[in-house]
Amino acid sequence: MSQGPITLEFWGWANGQEAVVKAFNAAHKDVQLKYTKVTDQLGTQKQLSNAVKAGNAPCLVQNTAEYVTSWVSQGALADITQYVKSKESAFNPGAWAGVQVQGKVYGVPTSSAPSFTIYRTDVFEKYGLEVPATWDDFIAAGEVLKKHGIKITNFAGEDPSVLEVLAMQAGARWYAIDGDAWRVNFRDKGSLQAAEVIQEIIDKDLNSKLSFADYAAVQRNFDSGGTVTRQISTWQMSGMVQNFTESLGDWALSPWPAFAGSAVRTPAGTNQSAGLNLVTEQCKHPEQAAEAALWLSTDPGAVKTMATPGTGSGVLPALKDSSAYTDVTISKELLGENYESAKKIVNDSLDTVNTDWTFGPNWTAMFTELQSQWGKVVSKELKVTELLTHMQKWTVDDLKSRGINVKG
């Protein structure tokens, strides 16, 4: 006697997911998805933790790469390598790296976070500045702009992600798996390179210090020309378009500045735009969950729905070739005559991603501690190198307190 279709619970927060779940269910008779919209990225971690403890975790859950190792270390995720490994070539390397821990695959990437610089063309032209190719060029341009009361970038006191992504770009490895232990190193060459750049920007007062707690004020500052560059991804453009009234059409994209003597390299995305769907260990149908996750990330209709602002989140897909979707994830209104050239910048950035980065098993706790100290760096109470030294000891001690074998 037929038992009816398999139903898989799916938790997520991204715009457009309800529509793609409806499309999935219409296209499949034997497997159906039951969708629950959760609040956001952080809310998901709390709800998933409670569900895992209660033994009723969903089969599929939207997440981001920085949380994967933590969930694996807790035994919360299913190893689905055998079901999805053959599809690896369909995705770009940066996105695929986010679903792996020690060569095992625990989910399917849904979106990429191409990283690039966006800058005010009119301001750069007014002061005869070239687009910075290196961080040294970036600082030199910042010194010119400072003379005119303009900041080249913004460091929010509550957001240390600039240190994380510059370290990542420079090839740092805060965490690495070393045999049966975790190796921690916040003071490797890449971390110190990143620290040097950030410290010089702060010491020379080249940065604004606007908190994202007042998001509208930050956007007004960019719109009015108070700050004239950002290192961002595609999803952040929508906020600029929605809030700008003065500078629409005056922005252009360029690659991330490189470290002196190094090739252009961009960090893997570390925010909600670098997404994935994970399969939990408690799922009774991991193969079907893995196949559903693959469909959500590769079906042309589902991908277009999620990539298009309005119907979805306006994020670039995780596919090997996402060029067909680039034009809908960047804003012609914001970029004006620079729109066409921007497409190549976005697509090229996916080919220069540094994938040699591992998120440690206590990433959430570590990042919370990093946040608690970052404001002191921005206000010049603490040097970046001093913060790195503090994080080295704190992270090692925290891992040991959790009973995790650690070197460092």
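Just above sits the structure.
Parameters at a glance
Residues numbered from 1 in each chain as written. Predicted model: local features only at pLDDT ≥ 70, side-chain atom pairs only at ≥ 80, totals over all residues. Heavy atoms only, no water. Helix = DSSP H or I, 4+ residues; strand = E, 2+ residues; numbered from the N terminus. Expected span 1.5 Å × (residues − 1). Buried < 20%, exposed > 50% of the residue type's maximum accessible area, 1.4 Å probe, protein only. Contact = heavy atoms within 4.5 Å. Disulfide = S-S within 2.5 Å. Salt bridge = Lys/Arg side-chain N within 4 Å of Asp/Glu carboxyl O. Pairing = 2+ DSSP bridges.

Can you help me understand helix α9 (residues 189-203) in this one?
In an α-helix, one full turn covers 3.6 residues, which means residues spaced three or four apart are oriented alike. Over its 15 residues, α9 runs 21 Å from end to end, which matches the ideal 21 Å to within 8%, given 1.5 Å per residue. Those residues of α9 not exposed but buried are G190, S191, A194, A195, V197, I198, Q199, I201 and I202. On its buried face, α9 is in contact with α7 (135-146), β9 (153-154), α8 (161-169), β12 (207-208), α17 (363-378) and α18 (384-401). Positive phi shows up at D205, right after α9, with a value of about 55 degrees.

Quick question: what am I supposed to make of the environment of I345 here?
Residue placement: I345 occurs in helix α16 (residues 339-349). Judged by its relative accessible area of 19%, I345 falls in the buried class. Counting along the chain gives 228 residues from I345 to T117, while the straight-line C-alpha distance between them is 9.3 Å. If near-sequence neighbours (up to four positions away) are discounted, I345 is found in contact with F116, L253, S254 and P255.

I tried to follow the state of the cysteines on my own but got confused; where do I start?
Each disulfide consists of a covalent bond between the sulfur atoms of two cysteine residues. Per the counting criterion, the structure on display carries one disulfide. For C59, the disulfide goes to C283, at an S-S distance of 2.1 Å. Linking C59 and C283, the disulfide has an S-S dihedral of approximately 90 degrees and is accordingly described as right-handed. Residue C59 is found in the loop between α2 (41-54) and β3 (60-64), and its partner C283 is found in the loop between β16 (275-279) and α12 (286-298); the two are separated by 224 residues along the sequence.

Quick question: what am I supposed to make of unusual backbone geometry here?
Glycine aside, negative phi is the norm for most residues, and most peptide bonds take the trans geometry. Unlike most non-glycine residues, Q102 shows phi in positive territory, near 50 degrees. Unusually for a residue other than glycine, K380 sits at a positive phi of about 70 degrees. For K380, the location among the structural elements is in the loop between α17 and α18.

Help me understand the pattern of salt bridges in this model?
Working definition: two side chains of opposite charge can pair if their charged atoms are close together. Scanning all chains against the criterion turns up 12 salt bridges. Note that D348 and K344 form a salt bridge whose closest N and O atoms lie 2.5 Å from each other. Taken together, the residues span about one helical turn, with D348 and K344 both in helix α16 at a distance of four residues. In the salt-bridge network here, residues are joined through shared partners; they are E143, E200 and K204.

Which parts of the structure should I look at to understand the sheet that holds strand β10 (residues 175-178)?
In a beta sheet, neighbouring strands are held together by backbone hydrogen bonds and run either parallel or antiparallel to one another. One open sheet holds the three strands; their spatial order is β10-β11-β19, and the pairing between them is mixed. The sheet terminates laterally at β10 and β19 (406-407), the two strands that pair on one side only. Across four bridges, the pairing between β10 and strand β11 (residues 181-184) is antiparallel. Bridge pairing links D178 to A181 in β11.

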